[in-house]
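Remarks on the overall topology
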Amino acid sequence: MPHLRAPDAGRLAYAQGRTTALDRAWQLEVERHRAQGSSAAFLGPESVPWDRFARQSRLADTARRCHEALDPDTAAWVRAYVDGVNDGLARGAARDERFARTGHVPTPWEPWVPLAIWIATHILFAGFATKLWRERVARALGDEAATLFATDGPGTAGSNGWLVPGDRTGSGSAIIAGDPHRFIEDPGVYQQIRLSCPEYDVLGLAVPGIPGLGHFGHTGSAAWAITNAMADYQDLYVEQLRPAGGGAEDGGFEALGPDGTWEPVHRHTETLTVAGADPVEVEVLETARGPVITHGGTADQTLSLRYPPRVRRDLGFAVLPALLRARTVADIDRAFDGWAEPVNVVHAADSEGGLLHRVAGAVPLRHPANRLRPVPAWDPQYAWQGWAETPSEPVQGFAVMANARGIASPLGVEFAPPHRADRIRALLSGSADWSPKAMAGVHRDTHLASAAPLLALLPGLDGLSPGAQALRTRLLAWDRHMAAESTDATVFSAFRARAVRRFAADPALADLAGAPTGPEVFHPWLYLVPRVGYALEGLLTTALLPALDRAAHVRAALEETAAADTPDTPWSQVHRLAPWSALPDPDAQWPGLGGDHDCVNATSTVPGFTDLTARASAARYVWDLGRREDSLWAVPLGADGVTGSAHHRDQLPLWAQCELVPVVTGWTLLTKESV
């Protein structure tokens, strides 16, 4: 793990950039080119859908605008980081055979690239693509059914987080703990790092390509952590376009604006270079609302995306160096007043007993309909009307953030089910003597409360075969833990998958069963089976589908599972990690895991589709405000991003077991390793 010292903050930012380039040059270049919409140039045709979206949504152009608006001190700090990246890229690339394999040669970063990576990393966090799904549902089932599938979906990023005040810990000082849930990538999306200069000494989890520690950090006397607030702050507008001038030959367009007049539409064409294939032309359009991301391809709608960074020319990057300088909760609170993107729930504590539970980020004020579905661009009632106040509340007992309804409820539409939050509260209530080491038990909890509604239908089934009766008895006796060694968990997942597929095949949902249309990058939000899998609890109880014979589907799923004679296989043998990699390694061996998508140990399957997990804890942390050296952390892989290096996957076995490693703060305890 990098522990960096420098004589001032600027040279420390340089050291962070350079070290990250030495360890993770491949990852940095992949993220840089994804942000610029140029990754297909060395990754090939599979990257074209994302590159097209990045170009059409103007991610890099937005980053340039936000960079131009930075205050001079923040701009210099970011530039120092980029200088470090540029000084380390060539040496880092020489360590990684993927550069030679793809023929990719790094070129110098421009100062705005970290901002582009930040936007690209978070552009889908608020799940605006869910509005495409709601539109599809409303057209098929009626407007009142638009939120029928409301739940934590396959494209959202969630997290667990909890803050335990000093009166409930053994040391008398607060503890902050949790884990961000994201798609697991190789290399990992978080980097354990320590940054020290005369002004501050901070350790935490950095996003490679971004200076500082935006999400999780411990300054010694204060610490903070975030989760996704599940706020809705990006809008889709249905645009009416016509040829400019009533039929100009240059191919330009005009859009009908909210005042009833036709407005000019920015238009230009860009070319994607594609390794092993012909170049791809991309038409880039932008109305006064924002970039056009679909043009006649989704239910014949032309849709523009309005998102705060492009409107405000602000990502909140000035918050990043301010957090490093924080000494108290008040410092952290003031810093987060400037946060913009994405919208997060924040926990913070300090060594003097200060506590913080708040929301931070930019959420526009507008008509409630904007949050649900695409709205007409030409109707003035759907225009943005300023910015919402972000809520905060006092910490009483302990504070839990797990993407469920709570402090951020006024700002969102869809939230995670309450199961993870409720389970964390229940576990924390079991002791008033918490220690950092004991928090590992909370991290690894595998109780699946979301199984209850499905299992509740089993006692009422009649006419079952002997095999189905035996299976019902077994499932009802199950402890509802998706433990790694549990064979009952494997059987339950097989039963649930069949139930999901049965529900998805019901005639009532037939109009939603077709293949998605429109840009491929949005397709994960538009497939019916995953949507049913994540919304199964609601579908089991909703009154909006009176023709849905739930008992018949559950009975058939039970009979099918019994007839299939599902083997008594431990859950971890089928529930294995399947991380994303820009260049997958076909020979990689990935561990089996416990947990499931509604467990505190949130290793997400896609019910009805696969038992593999691609989304899980991208890091785990425990911040002790009494003694920072008693803090703990772990990441899914390791500190080094180079495949085959000693520290590329050395934390993987520990992470798979929800074990944590000590934070080391004494410089004399460190062993220097050169690469």
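Residues numbered from 1 in each chain as written. Predicted model: local features only at pLDDT ≥ 70, side-chain atom pairs only at ≥ 80, totals over all residues. Heavy atoms only, no water.

**Topic: the overall build of the protein**
For clarity, the threshold we go by: Going along the chain from the N terminus, every DSSP run of H or I of four or more residues is numbered as a helix, and every run of E of two or more is numbered as a strand. To get the radius of gyration, use the C-alpha atoms; to get the globule rule, take the number of residues to the power 0.38 and multiply by 2.2 Å. In this scheme, a residue with accessible area under 20% of its type's maximum is buried, one over 50% is exposed, and one in between is partly exposed, where area comes from a 1.4 Å probe on protein chains only. Here a residue-residue contact requires only that any non-hydrogen atoms of the pair lie within 4.5 Å. Computed with the Shrake-Rupley method and a 1.4 Å probe, the accessible areas treat only the protein chains shown as cover for residues. Under this rule, positive means Lys or Arg and negative means Asp or Glu; His and the chain ends count for nothing. To locate a charge, take NZ of a lysine, CZ of an arginine, CG of an aspartate or CD of a glutamate.
Looking only at helices and strands, the protein features 21 helices and 23 strands. A compact globule built from 675 residues would reach a C-alpha radius of gyration of about 26 Å, and the protein, at 25 Å, matches this within 12%. Along the first, second and third principal axes, the C-alpha set of the protein runs to 75 × 75 × 50 Å. Of all 675 residues assigned to the protein, the portion counted as buried reaches 61%. At a minimum sequence separation of 6, the contacts of the protein that also span at least 24 residues come to 70%. Accessible surface, the protein as shown: approximately 24600 Å² in total, 51% of it carbon and sulfur. If you average the places of the 60 positive and of the 78 negative side-chain charges in the protein, the two averages end up 1 Å apart.

**Some remarks on the pattern of salt bridges**
This is how the line gets drawn: When a carboxyl oxygen of Asp or Glu is within 4 Å of a side-chain nitrogen of Lys or Arg, the pair counts as a salt bridge.
Taken as a whole and assessed by the stated rule, the structure comprises 40 salt bridges. Where Arg58 meets Glu286, a salt bridge forms, and the shortest distance between an N and an O atom there is 2.9 Å. With Arg58 in the loop between helix H3 (48-56) and helix H4 (59-68) and Glu286 in strand E12 (residues 280-286), this residue pair connects regions lying 228 residues apart in the sequence. The buried category is assigned to Arg58, whose relative accessible area is 13%. The exposure class of Glu286 is buried, given its relative accessible area of 12%.

**A few points about the packing of aromatic side chains**
The criterion, for reference: Any Phe, Tyr or Trp ring, taking Trp's six-membered ring, that has another such ring centre within 6.5 Å forms a pair; planes under 30 degrees apart are called stacked, those over 60 apart edge-to-face, and the others tilted. Any Lys NZ or Arg CZ found within 6 Å of a ring centre and within 35 degrees of that ring's normal is scored as a charge over the ring.
In total, this model carries 16 aromatic pairs according to the counting rule given. Ring geometry for Trp26 versus Phe42: centroids 5.7 Å apart, planes at 80°, classification edge-to-face. Taken as a pair, Trp26 in helix H1 (residues 9-36) and Phe42 in helix H2 (residues 40-43) lie far apart in primary sequence, 16 residues in all. Grouped by ring-pair contacts, the aromatic residues Tyr190, Phe216, Tyr621, Trp623 and Trp633 constitute a single cluster. Stacked on the ring of Trp50, the Lys or Arg Arg34 has its end atom at 4.5 Å from the ring centre.

**What to know about the packing of H1 against helix H7 (residues 113-122)**
As a reminder of what qualifies: Here, axes are lines fitted to C-alpha atoms. For helices the fit covers the stretch in contact, and angles between N-to-C directions go from 0 to 180 degrees. With respect to orientation, any angle under 35 degrees is reported as roughly parallel, any angle over 145 as roughly antiparallel, any angle of 65 to 115 as roughly perpendicular, and every other angle as oblique. Amino acids are sorted into nonpolar (Ala, Val, Leu, Ile, Met, Phe, Trp, Tyr, Cys and Pro), charged (Asp, Glu, Lys and Arg) and polar (every other residue, Gly among them).
Two elements in contact, H1 and H7, have axes separated by 8 Å at closest approach and are oriented at 75°. By the angle class used here, H1 and H7 are roughly perpendicular. Taken together, the residues of H7 that come into contact with H1 (itself represented by Glu31, Arg32, Ala35 and Gln36) are Val113, Ala116, Ile117 and Ala120. Taken together, the residues of the contact of H1 with H7 sort by class into five nonpolar, one polar and two charged.

**Describing the packing of helix H15 (residues 466-477) against helix H16 (residues 487-504)**
Put simply, the rule is: Two helices cross in a left-handed way if the nearer one is turned anticlockwise from the farther one by less than a right angle. They cross in a right-handed way if the turn is clockwise.
Running from N to C, H15 and H16 point in directions that differ by 120°, and their axes come no closer than 10 Å. When the interaxial angle is binned, H15 and H16 end up oblique. The two elements H15 and H16 meet at a crossing, and its hand is left-handed. Contacts from Leu471, Arg474 and Leu475 in H15 reach Thr487, Asp488, Val491, Phe492 and Phe495 in H16. For the contact of H15 with H16, the per-class residue count stands at five nonpolar, one polar and two charged.

**Some points on the nonpolar core**
In plain terms, the rule: Residue types Ala, Val, Leu, Ile, Met, Phe, Trp, Tyr and Cys, when buried and joined through side-chain atoms within 4.5 Å, form a set referred to as a nonpolar core.
Core analysis: the largest hydrophobic core is formed by 173 residues, its most contacted members being Phe149, Phe336 and Phe492. Aside from chain neighbours lying at most four places away, what touches Phe336 is Gly214, Trp224, Ile226, Val319, Leu323, Val346, Arg358 and Ala360. Grouped together as the second largest cluster of nonpolar side chains are 20 residues, Met439, Val442, Val622 and Ala634 included.

**What about the side chain of Ser450?**
Within the element layout of this structure, Ser450 appears in the loop between helix H13 (439-443) and helix H14 (452-456). The exposure class of Ser450 is buried, given its relative accessible area of 12%. Apart from the residues within four sequence positions on either side, Ser450 is in contact with His419, Glu537 and Asp598.

**A look at the sheet that holds strand E11 (residues 262-272)**
Selection rule: Note on pairing: two strands pair once DSSP finds at least 2 bridges between them.
Taken in spatial order, the four strands line up as E9-E10-E11-E12 in an open sheet, and their pairing is antiparallel. The open sheet has two free edges, formed respectively by strand E9 (241-243) and E12, since each of these has just one partner strand. With direction set aside, neighbouring strand axes in the sheet form an average angle of 35°. Contacts from H3 reach E11 and E12, with the element oriented near 30° to E12.

**Let's talk about unusual backbone geometry**
Look at the link from Asp186 to Pro187: it is a cis peptide, with omega at 5°. With respect to the helices, strands and loops of the structure, Pro187 is situated in the loop between strand E3 (175-183) and strand E4 (191-197). Look at Asn403: it is not a glycine, yet its phi comes out positive at around 70°. Structurally, the position occupied by Asn403 is in the loop between strand E18 (399-401) and helix H12 (419-428).

**What to know about the sheet that holds strand E16 (residues 355-360)**
Across the sheet, which stays open at both edges, the seven strands sit in the order E1-E4-E5-E6-E7-E15-E16 with mixed pairing between neighbours. Strand pairing shows two members of the sheet lacking a second neighbour, strand E1 (3-5) and E16, which therefore form its edges. Adjacent strand axes in the sheet meet at a mean angle of 20°, parallel and antiparallel pairs treated alike. In terms of strand pairing, strand E15 (residues 344-350) meets E16 through six bridges, oriented antiparallel. Among the inter-strand pairings, Ala348 is bridged to a residue of E16, identified as Leu356. With respect to the sheet, H1 is in contact with E1, E4 and strand E5 (200-206), its orientation differing from that of E4 by roughly 155°.

**Remarks on the environment of Pro586**
Within the secondary structure, Pro586 is located in the loop between helix H20 (571-574) and strand E19 (604-606). Pro586 gets classed as exposed once you look at its relative accessible area, which sits at 74%. Remark: the alpha-carbon pair of Pro586 and Gly251, spanning 335 residues in sequence, is separated by 46 Å.

**Topic: H3**
Of all nine residues in H3, eight are buried; the element is thus mostly enclosed. Considered for burial, the residues of H3 that qualify are Val48, Pro49, Trp50, Asp51, Phe53, Ala54, Arg55 and Gln56. A positive phi of about 65° marks Arg58, the residue just after H3.

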